[in-house]
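# Coordinate analysis (summary)
Here is how the chains run, residue by residue.
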Amino acid sequence: QKEVEQDPGPLSVPEGAIVSLNCTYSNSAFQYFMWYRQYSRKGPELLMYTYSSGNKEDGRFTAQVDKSSKYISLFIRDSQPSDSATYLCAMRGSYIPTFGRGTSLIVHP
Amino acid sequence: EAEVAQSPRYKITEKSQAVAFWCDPISGHATLYWYRQILGQGPELLVQFQDESVVDDSQLPKDRFSAERLKGVDSTLKIQPAELGDSAMYLCASSGSRDDTEAFFGQGTRLTVV
């Protein structure tokens, strides 16, 4: 079993939908939880991160962490075709981040 | 806008040949990472530098892979000899320090071994 599990999708939604992306993990030492977006043939870019449990909101994006369930989520409101990309969760305890395999999101007009 | 530079963008090489990738991190960033990303998978850390020192290379296949960051600035990742299974995207990232949560990625080098 991998330390970080993420459904690869693809997840296809209509424009304007609310998108929910999720990861589960097994290492209770993880304290920092990140979400990266990766467009095709590009490097990942950080969207947002949270420390420990709780919620964090940034514009149309909301990140949630439930450490008791070892479950993290990224919600995208009012999804746009430009949101079509692969979304990678990542997490770390000390200095070495561990990535999920990414979920491919397709937002169609 | 500061960015992580990588070259080449694409590389095709025959198996058993040597191949090298170069990375120039954002100016002033002390921490540099090399990741390998196989198609459909997340990035896997190969090596992490703090300045010129290797702080983690536990996942680096040391029989064929080597990495250096001699002056603590740019870095080179080498594979010799390349194998078919090395075909992947090789990503370089940098951050201000090991404590920083945000790492900035370059565009990667897409390696195809034939």
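Residues numbered from 1 in each chain as written. Chains lettered and ligands numbered in written order. Predicted model: local features only at pLDDT ≥ 70, side-chain atom pairs only at ≥ 80, totals over all residues. Heavy atoms only, no water.

## A few points about the sheet that holds strand S6 (residues 54–58) of chain A
Residue and element names in this part refer to chain A. As a reminder, the rule being used: Should DSSP find at least two bridges between two strands, the strands are regarded as paired. The numbering of helices and of strands both runs from the N terminus, where a helix is a DSSP run of H or I of at least 4 residues and a strand a run of E of at least 2.
With antiparallel pairing, the five strands of this open sheet are ordered in space as S1-S3-S8-S7-S6. Only two strands of the sheet have a single partner each, and these edge strands are strand S1 (4–5) and S6. Two elements, strand S7 (residues 61–66) and strand S8 (residues 71–76), share six bridges in a ladder whose sense is antiparallel. Looking at the pairing, Gln64 lines up with Ser73 of S8.

## Re the interface of chain A and chain B
Going by this rule: We call two residues contacting when some pair of their heavy atoms lies within 4.5 Å. What counts as buried area is the accessible surface, traced by a 1.4 Å probe, that two parts surrender upon association, with contributions from both included. Should a side-chain nitrogen of Lys or Arg be within 4 Å of a carboxyl oxygen of Asp or Glu, the pair is scored as a salt bridge. Lys, Arg, Asp and Glu make up the charged group, whereas Ala, Val, Leu, Ile, Met, Phe, Trp, Tyr, Cys and Pro make up the nonpolar group; the residues left over, Gly among them, are polar.
Chain A puts 19 residues into the contact, and the matching count from chain B is 23 residues. Summing both sides of the interface, chain A and chain B together bury roughly 1700 Å²; the carbon and sulfur share of this comes to 52%. Along the contact surface separating chain A from chain B lie zero salt bridges. For the side of chain A that touches chain B, the secondary structure elements donating two or more residues are strand S4 (32–38), strand S5 (45–51) and strand S9 (85–92) of chain A. Looking at which element gives the most residues to the side of chain A that touches chain B, the answer is S4 of chain A, with four residues. Considered class by class, the residues forming the side of chain A that touches chain B number 11 nonpolar, three polar and five charged.

## With respect to the sheet that holds strand S8 (residues 75–79) of chain B
All names here are of chain B. To keep it simple, the criterion reads: What counts as an axis is a line fitted to C-alpha atoms, over the stretch in contact for a helix, and the angles between N-to-C directions run from 0 to 180 degrees.
With antiparallel pairing, four strands are arranged side by side in an open sheet as S1-S3-S8-S7. A strand with exactly one partner marks an edge of an open sheet, and here the two such strands are strand S1 (5–7) and strand S7 (65–68). Going across the sheet, the axis of each strand differs from the next one's by a mean of 15 degrees, ignoring polarity. Where S7 lies against S8, four bridges are found, and the strand directions are antiparallel. Paired with Ala67 across the bridge in S8 is Leu77.

## Concerning the pattern of salt bridges
Residue and element names in this part refer to chain B. Put simply, the rule reads: Exposure is judged per residue with a 1.4 Å probe applied to protein chains only, and the accessible area is read against the type maximum: over 50% gives exposed, under 20% gives buried, and values in between give partly exposed.
One pass over the full model with this rule turns up six salt bridges over all chains. Between Arg64 and Glu83 there is a salt bridge; the shortest N-O distance is 3.3 Å. Remark: Glu83 occurs in the loop between S8 and strand S9 (88–95) and Arg64 occurs in the loop between strand S6 (53–56) and S7; sequence separation between them is 19 residues. The buried category is assigned to Arg64, whose relative accessible area is 12%. Note that Arg64 is salt-bridged to Asp86, the shortest N-O span being 2.6 Å. In this pair, Arg64 is assigned in the loop between S6 and S7 and Asp86 in the loop between S8 and S9, connecting sequence segments 22 residues apart. Taken as a pair, Arg64 and Asp86 share a single burial class, namely buried. One connected set of salt bridges, linked through shared partners, spans Arg64, Glu83 and Asp86.

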